[in-house]
Each structure stands twice: as structure tokens, then as C-alpha cells.
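Chain and residue survey
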Amino acid sequence: MKSISDTRYVFSLIGIILLQYSVANQSAQPTYQLSDTSQQWTSTSANLFGASTFYHFDDDAFWNSQTSITALNDSHVSTLRFPGGEIGENYDWKLHRLDRPTDFPGEAPDVTSRLARTDFKEFLRHAQNAEVKNIFFVVGVDGAFRDSGDIDANLERYAKHAADWVRAVKAEGFFVPYWEVGNEPYGAGYPLTASEYAKALVVFAEKMRAADPRIKIGAAGPGGKQNFNKGIAFADKLGTDALRELRGQSGSVVKNACPKMKTAACITKLQGGSPPPPPRPWWPVIIEQARDSFDFAVIHRYERVNLKGIRKKKDFVLSTRIAKLKAWLSKQKGQPVPISLTEWNTPNERRRGELTNIEHAQEIAMQIGMNAAGGLDFAHYWPMRIKSRAFKPMFTLESTATPASDLFSLLGPIISNAQVSQSLLGKGVYALQTQQSNQEGLILVNTGIKTISVNWSHLPADRLSLVQILPARDGQAHIDPVCSEPGQGRQQTTVTLPSQSIAIVQSVRQAKP
């Protein structure tokens, strides 16, 4: 048995084959038929396999290791984000230090430690070495509202600082195409109203575009359960007086005001019995007040897939949210608006319950499929590495593969620049079909407790390959070869999938001379 964390195991035979997994003493199993003619197909991006970095943790030691570069390349990482999300609101690129030393992640204790953290020039050289060109930088905006004095003057100062960063990148001979203005300003970090953020966006965009007209400006906003038509910022739910009182706190204002409280309870507490203000959905305000000041939308997502809900509503909601937000913003602006998911993973496992590696692998496989089928343009998995057990990382602390990065390695070649179609089979089997010029692919995720079989119709192939990711007694994910038998010119492949497992099948046709 081969562990997924240290092996890329592909079992293949020449010709059209029948792929089967034999299970002793197994009762009759459900069989499903997949077709390539009755599904809705979506064109996919080449940038669905990316990572969001921590400048202080994914440091010089990480980047100077060839193991790290190899791991990134093996995982087909094509886009990276720097210096981090929450960190981006607190990072001074000129001084290579934090504006607020006691806030996350805490200032380095000495000069040597500070210099060991990766600055933007080092990061860009390392990204170049890894052949990653689609780079996202995060510039801080909430400091303009935290600082004392006139907010308009503060915005001018912070926007100039961001524009100077754009110029500095250019002066070093690099090009960073994508710039995010702020990190989750709609959330409960340092909450901004939609109007405040729109005002900042206008000022930042004007100055940053003047520094380099080639860059693209990203507007951050909600993209989860409540997006363009219902997503209301934390600050907009409070009312003017409650927001002013909240901002009288120091440091992490919401955490200090509402220690260990859930968001809804915190809002009720901060409102102090006053009625909530009229709802002002985030994205309509941004369109109304800053329509021309952004080029792409930035969203984050930490969720688990709800197959029961998908079956009940007949709607792949994670895909639908992306597609609807993209279509709505594009219509409002009169031009295509790419969507970038610059942070995504399953929720904090310390709060929502720990997942085994196979459970997490299944979640990640399904979410990659739903990202692709939703027409997402960029995706950055977070975290790339981490000490905490709250989130499962892309790489270990030693920069070796995890089930997440192994999935990137396996899925990248068959999902990037492809046509994809997703479906739900029975109660708990997710299926994603892919088509490229010379190959077709099938990703199956069986979350149920029964072995199932899937008949997959495809064009004749010169080679079929199959990888199965199976659970083990220790809860880890493993890759096993699957018993196979040659077929007789068949155009149908049967994949038999044990419970709690993943199958990835490729059907490859040789290019005609």
C-alpha cells in the first residue's frame, strides 16, 4: 500500500480497459451511468491551483530549499499570494516589518529574525525561480481608518504608500499583475462599511494605476452564503454609534469587544438594543460608488460541501455562487470581471470538528471540481504551511507533500484549461468529467458507506490510467493500484469505487501525425 503523501502512483494499461476493484463478500452494489452528452460543460482556467503564503512563515529557509520549489512544481502551482491576508493589512513593505507589532503574527524579536522573513523582492525572485507568474499582492487599507486624524488625508497617505510599492516592484524589474486592496474589509477584523471601502478603493486605484497602468485592482467582498444581493458587511449591521464605539477599542477591536462570541451574538451586543440600520448589500454599493475602480473581485471561502443540500436543491451552491457573482458584476460593469478565491479550505477544525486525511482529501477534491465548474478564474489554497492543526496545509513543515498537494498534483493536468461537467450520483457520490484536446478525465468521490460502480462513456483511448485514494485504518489517505482487465474495443469504462474513497481516471488519445 502506497501512502499518498509520498507517492505519485499511476496504474495504466495500453488499450481500452475495464477498471475494477474486487471486494470480497460484497453485496450487490449500486451502479450509475455517466454520459458526456447530457451535462452542462464549463471552460476552466489555468490558475485554479495556487497558494496563499505567509511572509513570516514561508520564509527564506523555505524558499531557499529546492525541496520547496520541487513541491510547488509537482503541485502545478501557477499563482501565489503575498504577504498573506490578515498580514497584508499590517505589513509595511518599505521597512519589512509590521505597522502594529503586537498584532498577528507579531513582530520578529530581533533584526536577524526579521531579515529571515521573506521580503517582497526575495519573494518575487523565488516565484520567478519556481516559474510562477500570476502573483497577487495584498495592500493594507484599514490603517487609514485606524489612525487618528482626517480619514481623507489618511487614505491619500496609505494609497501613496501602496502606489510606491507598485513603483518599487517595477523598479526591481518585476511585474505583479494583481493587487488586492485590503483583506476581508467586510468582515469582523477591523470592520469597514461598504461606503468606506468604496471610497478607499477609488483613491487607491487612482494612485496605483498611475504608478503602473498595466496592473489589475482587486476589490474584496463577500462571496459565500450571502454574496452580491444579500452580503452585508459586519460594520453596516451595527449602525453609526455602535461602530464608533467599537472603533474606540485597541488592537483586534471585535475580538476585544466580543471575546469568544459568535458573530450574530456580537452584533446584537454591540447594537446595544438599538434597531439595526437599513440593509446595504456590499457589492451593489461598490458598483454604485466605485464601479470603475476595480478589475477583478476577491472572495474567500472556508466551508464544507453539503451533498445532502445539493441533492435537495439540485444546485451545486459553491459553483452557483461563483457563477452568479461573476455574471452580475460583469453585467454591472459592462465587461468580464474575473473572480479570485484568494483563500479557501475547509473551516477551522478546532471549531468545527477534526477531519481525517481521507475526509479532507474528499472535501478538497470536490471543492476543486466545484471551483472549476463555477467558472472560477484564480484560486489560492490556504495555508501553504502552518504549525497549527486548525487547518490542513498544502505542505508539511518540511515542505513535503500532503494529501492536499497530492490532489493538486493529480488533478492539475486534467482540470486546467479543460471543459468540465459535474454531477451527483445517488446520495453521496460526486463526479466531475473533464475534456481536453487529447484526453478525457473522470474524478469520482464516494463519500458513502457502500461500494459503488460507475459506467463511464468516453471516446476510444490509446491509454487509460487510474489512481484510487483509499482510507486506511489510521485515517490517512493512500493510493493503491486497481485490478484491471483488457477490453475488446469498448467505449465504456466501469470504475468500482469502495466507500470513502476517490478515483481519478484518465483516457488519453495519441495525437494524430
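Residues numbered from 1 in each chain as written. Predicted model: local features only at pLDDT ≥ 70, side-chain atom pairs only at ≥ 80, totals over all residues. Heavy atoms only, no water.

Below, the discussion takes up empty space enclosed by the protein. Throughout the structure, instances matching the rule amount to three cavities of 30 Å³ or more. Looking at the largest cavity, its volume works out to about 50 Å³. Every residue along the wall of the largest cavity is listed here: Gly 223, Ile 299, His 300, Arg 301, Leu 318, Arg 321, Ile 322 and Leu 341. Looking at the lining of the largest cavity, the elements with two or more residues in it are strand S13 (296-302) and helix H13 (317-333). (1 Å grid on protein atoms, 1.4 Å probe; cavity = no way out; pocket = protein on both sides within 12 Å on 5 of 7 lines; lining within 4 Å. Points joined across faces, edges and corners; volume = space filled by probe spheres on them. Helix = DSSP H or I, 4+ residues; strand = E, 2+ residues; numbered from the N terminus.)

A separate point is the state of the cysteines. Enumeration according to the criterion identifies one disulfide in this entry. With a sulfur-sulfur separation of 2.1 Å, Cys 258 is cross-linked through a disulfide to Cys 266. Judged by the sign of its S-S torsion, about 70°, the bond between Cys 258 and Cys 266 is right-handed. Each of the two residues, Cys 258 as well as Cys 266, counts as buried. (Disulfide = S-S within 2.5 Å. Buried < 20%, exposed > 50% of the residue type's maximum accessible area, 1.4 Å probe, protein only.)

With that settled, consider the nonpolar core. With 136 residues, the main nonpolar core has Leu 80, Phe 137, Trp 165, Trp 179, Phe 204, Met 208 and Ile 415 as its most contacted residues. Here this core takes 10 residues from helix H7 (residues 194-211), the largest share from any one element. When near neighbours in sequence (up to four residues on either side) are disregarded, Trp 179 contacts Phe 137, Val 139, Trp 165, Val 166, Val 169, Met 208, Ile 215, Lys 216, Ile 217, Gly 218 and Phe 296. Core analysis: the second largest hydrophobic core is formed by 16 residues, Val 429, Leu 442, Trp 456 and Ala 503 among them. (Core = buried A, V, L, I, M, F, W, Y, C linked by side-chain atoms within 4.5 Å. Contact = heavy atoms within 4.5 Å.)

Time to look at the pairing of strand S20 (residues 463-471). Each regular strand carries side chains that alternate between the two faces of the sheet. Among the nine residues of S20, seven are classified as buried, and the element is accordingly described as predominantly covered. Here S20 pairs with strand S24 (residues 501-508) via seven bridges, running antiparallel. Residue pairing for S24: Leu 466 is matched across the bridge by Val 505. (Pairing = 2+ DSSP bridges.)

Attention shifts here to the packing of H7 against helix H11 (residues 282-290). Interaxial distance between H7 and H11 falls to 9 Å at its minimum, and their mutual angle equals 40°. Between H7 and H11, the interaxial angle falls into the category oblique. Note on packing geometry: the crossing formed by H7 with H11 is right-handed. Residue-level inspection shows Ala 194, Ser 195, Tyr 197, Ala 198, Leu 201 and Val 202 of H7 in contact with H11, the latter providing Trp 282, Val 285, Ile 286, Gln 289 and Ala 290. Grouping the constituent residues of the contact of H7 with H11 by class yields nine nonpolar, two polar and no charged. (Axes fitted to C-alpha atoms, helices over the stretch in contact; angles between N-to-C directions. Parallel < 35°, antiparallel > 145°, perpendicular 65-115°, else oblique. Left-handed = near helix turned anticlockwise from the far one by under 90°. Nonpolar A, V, L, I, M, F, W, Y, C, P; charged D, E, K, R; others polar.)

Let us look at the sheet that holds strand S23 (residues 492-497). Ordered by their spatial adjacency, three strands build an open sheet running S4-S19-S23, and the pairing between neighbours is mixed. Because the sheet does not close on itself, it has two edges, and the strands there are strand S4 (31-34) and S23. Across the sheet, the mean angle from the axis of one strand to that of its neighbour is 20°, orientation sign disregarded. With six bridges joining them, strand S19 (residues 452-457) and S23 adopt antiparallel strand pairing. Bridging from a neighbouring strand, Ile 452 pairs with Leu 497 of S23.

Within the span of helix H2 (residues 66-74), buried status applies to Ser 68, Ile 69, Ala 71 and Leu 72. Buried residues of H2, viewed axially, fall in a sector of 160°; they line one side. Structurally, the start of H2 carries an N-cap: the backbone nitrogen of Thr 67 is 3.1 Å from a side-chain oxygen of Ser 65. A positive phi of about 60° marks His 76, the residue just after H2. (Arc of directions from axis to C-beta. Polar contact = N/O pair within 3.5 Å; in protein donor to acceptor, adjacent residues only side chain to side chain.)

Here H11 crosses H13 at 20°, and the two axes come no closer than 11 Å. Regarding the angle of H11 to H13, the classification is roughly parallel. Crossing handedness for the pair H11 and H13: right-handed. Contacts between H11 and H13 involve Trp 283, Pro 284 and Ile 287 from the former and Leu 325, Trp 328, Leu 329, Gln 332 and Lys 333 from the latter. For the contact of H11 with H13, a count of residues per class yields six nonpolar, one polar and one charged.

Pairing in this closed barrel of eight strands is parallel, and the strands run S6-S7-S10-S11-S12-S13-S14-S15 around the ring. Direction aside, neighbouring strands of the sheet carry axes that sit 25° apart on average. Its contacts with the sheet put helix H6 (residues 151-171) on strand S7 (79-82), strand S10 (134-139) and strand S11 (178-181), and the angle it makes with S10 is roughly 150°. Against the sheet, H7 contacts S10, S11 and strand S12 (216-220), and its axis sits at roughly 165° relative to S12.

This next bit is on H6. Spanning 21 residues, H6 covers 30 Å between terminal C-alpha atoms, matching the ideal 30 Å at 1.5 Å per step. Of the residues making up H6, those classed as buried are Asn 154, Leu 155, Tyr 158, Ala 159, Ala 162, Ala 163, Asp 164, Trp 165, Val 166, Ala 168 and Val 169. Regarding H6, its N-cap is Asp 150, as a side-chain oxygen of that residue lies 3.2 Å from the backbone nitrogen of Asp 152 further along. Residue Gly 173 follows H6 closely and has a positive phi angle near 85°. (Expected span 1.5 Å × (residues − 1).)

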